[in-house]
Amino acid sequence: MSVQQFTPQAFHRQAHEALGDPQIRANFRRAMDGLMTKRRDVFTDWDLETLRELGANIRLRALAKLPDLLEQLETNCQTNGIRVHWAEDGEAACRIIRELCEARGAKSVIKGKSMVSEEMHLNAHLEAAGIEALESDLGEYLVQLNEQTPSHIIMPAIHLNTDEISEIMHDKTGTERTRDVDYMTAAARAQLRERFMSADVGVSGVNFAVAETGTLCLVENEGNGRMTTTVPPMHIAVTGIEKVVEHLRDVPPLYALLTRSATGQHVTTYFNMISSPRKPGEHDGPEEVHLVLVDNGRSNIYQDDELLDTLRCIRCGACMNHCPVYTRVGGHTYGTTYPGPIGKILMPHMLGLEATKDLPSASSLCGACGEVCPVKIPIPDLLVRLRKEAVGEGRGNVPGAGVKRNRKEVAAWKSWQWLATHPAAWRGSTAVAGKLRGLAPSRVGPWTEYRSAPKLAKTSLHALVKAHRRAKDEGGES
Amino acid sequence: MSARESILKRLRERTDGPLQAPESDFTVVTGRGWDTGERIERFERLIGSVHGEVIHATLTDWTAKLAEVLTAKSIRRLALGREHPVPVAARAALLDHEVELVDVDRDIETWKREQFESVDAGLTSTRGGIAETGSLWLWPTPDEPRLISLVPPIHIAILDSETIEDTFFDVIERHGWATEMPTNALLVSGPSKTADIEQTLAYGVHGPRELVVLIRHPQEAT
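Residues numbered from 1 in each chain as written. Chains lettered and ligands numbered in written order. Predicted model: local features only at pLDDT ≥ 70, side-chain atom pairs only at ≥ 80, totals over all residues. Heavy atoms only, no water.

Caption draft 1: How the structure looks around the state of the cysteines. Residue and element names in this part refer to chain A. Inspection of the entire model under this criterion finds zero disulfides over all chains. Cysteine Cys313 shares no disulfide, and the gap to the nearest cysteine sulfur, in Cys319, comes to 6.6 Å. We classify Cys313 as buried; its relative accessible area is 9%. Counting only cysteine sulfurs, Cys373 is the nearest neighbor of Cys316, a cysteine outside any disulfide, at a range of 6.4 Å. (Disulfide = S-S within 2.5 Å. Buried < 20%, exposed > 50% of the residue type's maximum accessible area, 1.4 Å probe, protein only.)

Right under this line is the structure:
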């Protein structure tokens, strides 16, 4: 299996290649169809609109009080014995984690699933410092064995089918080639148990950080998150600053929305709430717990009333599961840590519009993402906003704003606007254009890649209607 | 300026000005109004749907049922606490059983490999259950530490039927979690599972392959 490097700059080429790959098309189509059905079925007993309203409202309240809640979270965590660190960007967060590892002389890190750690490329940073970082979520483990990145934020190995996974495990770990999923799961269990026992540090993400109690909540099915946060002597949790919620009672509605929206489950196997390191007299759990709060562009998104909605996200992945573009091109095509609709509205803030200018326009604006979002993020509106920012018609507060501005295009629209608001000039120019229609180009950029070029009619509709009326009036008189 | 100060400063000096915090109405996650029978039925149906195994017992015969489970599943070494009434009663009842009882009130560093490799099952009490999602809630203690519900391949949990409540929200509110969060609070809903290999469900990926919930009913209810 070839290992390919994907970049957002090469989105169009990557999309073209993915569309021509029947394996990718089939793997994603099957998975997304299943996930959409499961989500729909699991919400049947619920007043879904009221629940989504509550979810959006809880997230909005948390954002409205964000600086105060972050301070409250910090105070309560520290009272509980959890040390809190702040990082301006991914690199600073990597450095904090590396230094914590080095202070303990750690050589190996076992990881629970964390998209923030992907966003800041933590594994590569630790490896460069001679610290081994091993993923323990089965999907992440498989993706890491295959030297890839996750193609979905909830199901990292969704782009691989059983045969491909069997081949990867055979190549990298020496297991038998098989289609027996239980055998492969048991093999991975055995391989990773050894590593849980020997790891010096566990690194995890956080689904919700509760300000009121200083509690870190982790949502998972496998138990690797509990292992990661319980077995090694030090646990480092890393999270974006937007993951905080005000009260403990804010958690049940968000958890209800998260599992159902993500995978159509009523609940996950484990909901793990950590409020302190091992206390005197307790027999297991880490001696040290650290929380790293990462900004990495989030406080800039926070400045703008419209863009702020991006930060409501609880990372369920429903938007990608329901996205007709994501389903066809798969997660890697985007070339960014977060793929799909949420990636398209989040990554431009992290990487700048120079690198990601093609992402907001890789959408038909069908609206499915906004309709299923459990916290009602108006994703299509945000896509439109980022398109405006890219062509310099927004507020200019997204990095790289105006990168797609094209003087010819601007001039063309300006002339069209002038013509369309001056009827005499409009009639004159359409009449001339109709006469010269033979000169119109037959290829107009990407538009004509799969379509024939539009041609002006010989006579405009206005002229036709006028002629028709005249004929009718004359006929009536005779 | 430290990272902390500059992040907080940016958030406080927001370009578009301060935000209004809305009030929240939590009606949709509470007020189910189920009776005990409905709660037990829902709990069993939901935890059963994710491979949790439910066994009904009374306050008097539950240890006999537990012994049957141990025999049926060929459990030779069972890890359990020593102080909570559940492990105390289990220990007393299992004296004549061939199962070996493993003490868990030891620092994990002293017996990590033993727990990972040679314990067949962990027995724990539970604080309660949640009918809506088929979940157990556990607050591990020094007597019943965090890992015994995770590391052994089988987890046996003892649940009293009257401690099952309607929703997670109800549990948090009624039991005042916000004022006394323990080191680790857990919801457990079934055995460990994954669907990371082409959406095919497999159980026991990192945690227990099997979860057995022994529900103890008050005498008159059975």
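There's more to say after this.
Caption draft 2: Focus on the pattern of salt bridges. Residues and elements named next belong to chain A. Scanning all chains against the criterion turns up 55 salt bridges over all chains. Note that Glu140 and Lys113 form a salt bridge whose closest N and O atoms lie 3.4 Å from each other. One end of the pair, Glu140, is in helix H8 (residues 138–145); the other, Lys113, is in the loop between strand S2 (108–111) and helix H6 (115–119), with 27 residues separating them in the sequence. According to the relative accessible area criterion, Glu140 is buried, its value standing at 2%. Arg298 is paired through a salt bridge with Glu242; the nearest N and O atoms lie 2.7 Å apart. Of the two residues, Arg298 is situated in helix H13 (residues 298–301) and Glu242 in the loop between strand S7 (234–240) and strand S8 (244–245); the sequence distance between them amounts to 56 residues. (Salt bridge = Lys/Arg side-chain N within 4 Å of Asp/Glu carboxyl O. Helix = DSSP H or I, 4+ residues; strand = E, 2+ residues; numbered from the N terminus.)

Caption draft 3: Representation of the interface of chain A and chain B in the model. With 100 residues of chain A at the interface, the matching set in chain B holds 77 residues. Of the roughly 7700 Å² buried where chain A meets chain B, counting both sides, 57% is carbon and sulfur surface. The largest share of the area that chain A buries against chain B comes from Arg189, Met197 and His283 of chain A, three residues that together contribute 10% of it. For the pair chain A and chain B, the interface holds eleven salt bridges. Its salt-bridge partner being Arg395 of chain A, residue Asp16 of chain B comes within 2.7 Å of it at the nearest N-O pair. Applying the counting criterion to the chain A and chain B interface returns 54 residue pairs in polar contact (both at pLDDT 80 or more). It is helix H10 (residues 181–198) of chain A that provides the largest number of residues to the side of chain A that touches chain B, a total of ten residues. Residues belonging to the side of chain A that touches chain B are distributed by class as follows: 44 nonpolar, 27 polar and 29 charged. Bridge count between strand S9 (residues 270–274) of chain A and strand S9 (residues 184–188) of chain B: five bridges; the pairing is antiparallel. (Contact = heavy atoms within 4.5 Å. Buried area = accessible area lost by both parts, 1.4 Å probe. Polar contact = N/O pair within 3.5 Å; in protein donor to acceptor, adjacent residues only side chain to side chain. Nonpolar A, V, L, I, M, F, W, Y, C, P; charged D, E, K, R; others polar. Pairing = 2+ DSSP bridges.)

Caption draft 4: Structural detail: a nonpolar patch on the surface. Taken together, Val432, Leu436 and Leu439 of chain A make up a surface patch of nonpolar side chains, about 320 Å² in accessible area. Turning to its location among the elements, Val432 of chain A is positioned in helix H21 (residues 423–435). (Patch = residues over 30% accessible without salt bridge, like charges linked within 9 Å, V, L, I, M, F, W, Y side chains within 5 Å. Areas by Shrake-Rupley, 256 points an atom, 1.4 Å probe, with all protein chains shown as cover.)

Caption draft 5: Inspection of the domain arrangement of chain A at higher detail. Per the domain assignment, the segments making up chain A are domain 1 (44–300) and domain 2 (422–473). Measuring from the centre of the C-alpha atoms in domain 1 of chain A to the corresponding centre in domain 2 of chain A gives 59 Å. (Domains from an automatic or database assignment.)

Caption draft 6: Layout of the environment of Ser149 of chain B. Here Ser149 of chain B shows up in the loop between strand S6 (135–138) and strand S7 (154–160). Each C-alpha atom of the pair Ser149 of chain B and Ala79 of chain B lies 9.5 Å from the other, and the pair is 70 residues apart in sequence. Not counting chain neighbours up to four residues away, the residues in contact with Ser149 of chain B comprise Arg226 of chain A together with Thr124, Leu138, His155, Leu186 and Pro208 of chain B. Separated by 2.7 Å, the side chains of Ser149 of chain B and Arg226 of chain A make a polar contact.

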